[in-house]
Amino acid sequence: MTNSSLRRFARREWGPLFWTIRDSLAREKWRAIPMTLGAVCLTSVFQIVQNTSWGFQPVQDLGSVKAVDPLWLALLRTPLSLFVPALDLPVWGALAQILLVFGISEICIGWWRTLVVGYVATLAGTTYARIGLSLGPDHPFGLPVSDRVVNDTGPSAAVVGLAIYVCWRYRAHLTGALVILVMIGEVLIKDNLAGKEHLAAIAAVMVVCVVRAKWGPRRSRAPLGQHPPPASSAPPGA
């Protein structure tokens, strides 16, 4: 592939996304992502508090989700579970994911769509955990009984779902396909609850994309090659 071909591909794949982000940050700077900055601060606070002698249990009571929990309790905790860092992963990873992916998403599709898509993806993962346990470890999509008590927190499912949605909205199809392939590879290499929840999140967000493409506002159903305007310039109700 020649340099000119690579440039054309890059402009087609990432151009609208890049210019939307650059223009928004140049115009508003950090004011472009207030929800993202709030989410980073909230996650940081949860991390600090849950590592104190007195704060671990309150944080778990507020945002810890396990498949063994009653469904009503899991749903009640889900909004905050997204911002409670996973205990077995470094917190900087969660903060970087939120800052990068939530920030891009907030600029490109708006803060409330970012939250809606993020929670759809997170709820899909939570729901899958219960379905997977009912299927059992012998089923290709099943889970072992030990996953009933796995602490299911963190932003990763939301991050994956938002990446897919933003790629779809801005027609970055190859990038979206690469995200999906990486998540499939994650499950093949390390077959665990988190990896399968990421695939459930992708499936749920792809359903959202199909529904919006077919029945959503006209700007969501633009023909291939016609890129949507930045979220800041979107008409109300789009």
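Read on for an overview of the structure. Note that this is a predicted model, so its numbers are computed, not measured.

**Some details on the layout of surface pockets**
- In this structure, the largest pocket occupies an estimated 860 Å³ of space.
- Around the largest pocket, the lining is made up of 36 residues, and of these Ala86, Asp88, Leu89, Ser156 and Ala194 lie nearest the centre.
- Counting only elements with at least two residues in the lining of the largest pocket, the list comes to helix 5 (91-109), helix 6 (111-135), helix 7 (156-169), helix 8 (173-189) and helix 9 (193-215).
- Considering each element in turn, the lining of the largest pocket owes the most residues, 5 residues, to helix 5.
- Of the residues assigned to the lining of the largest pocket, the class counts are 18 nonpolar, 12 polar and 6 charged.

**Side note on the side chain of threonine 153**
- Structurally, threonine 153 can be placed in the loop between helix 6 and helix 7.
- By relative accessible area, which is 9% here, threonine 153 ends up buried.
- At 3.2 Å, the side chain of threonine 153 forms a polar contact with the backbone oxygen of valine 84.
- In contact with threonine 153, not counting residues within four places along its chain, are Gly63, Ser64, Val65, Ser81, Val84, Pro85 and Ala86.

**Considerations on the nonpolar core**
- Leu17, Phe83, Phe102, Cys108, Leu162, Tyr165 and Val205 are the most contacted members of the largest nonpolar core, which has 36 residues in total.
- Looking at this core, the elements that each hand over two or more residues are helix 1 (3-28), helix 2 (34-50), helix 5, helix 6, helix 7, helix 8 and helix 9.
- Counting residues per element, this core draws most heavily on helix 7, at 9 residues.
- Grouped together as the second largest cluster of nonpolar side chains are 6 residues, Tyr128, Ala129, Leu143 and Ala200 included.

Each value, and the rule that gives it
- Going along each chain's sequence as written, the residues are numbered from 1 onward.
- Local features are withheld for residues below a pLDDT of 70 in this predicted model, meaning they are given only at 70 or higher, and side-chain atom pairs are given and counted only at 80 or more; totals for whole chains, interfaces and linings count all residues.
- Remark: hydrogens and water are excluded; side-chain values derive from all non-hydrogen atoms of the structure.
- Put plainly, a pocket is an open set of points on a 1 Å grid over the protein atoms alone with protein on both sides within 12 Å along at least five of seven lines, a cavity is a set where a 1.4 Å probe fits but cannot get out, and a lining residue has an atom within 4 Å of a point.
- Grid points are joined across faces, edges and corners, and a volume is the space filled by probe spheres set on the points.
- Here a helix means four or more residues in a row that DSSP labels H or I, a strand means two or more in a row labelled E, and each is numbered from the N terminus.
- Residues are grouped as follows: Ala, Val, Leu, Ile, Met, Phe, Trp, Tyr, Cys and Pro are nonpolar; Asp, Glu, Lys and Arg are charged; all remaining types, including Gly, are polar.
- Classification of residues uses two cut-offs on accessible area relative to the type maximum, computed with a 1.4 Å probe and protein chains only: under 20% is buried, over 50% is exposed, and between them is partly exposed.
- Counting of polar contacts relies on pairs of N or O atoms within 3.5 Å, with two restrictions inside protein: one atom must be capable of donating a hydrogen and the other of accepting it, and residues adjacent in sequence are counted only when both atoms are side-chain atoms.
- We call two residues in contact whenever any of their non-hydrogen atoms come within 4.5 Å of each other.
- Side-chain atoms within 4.5 Å link the members of a nonpolar core, which is a set of buried Ala, Val, Leu, Ile, Met, Phe, Trp, Tyr and Cys residues.

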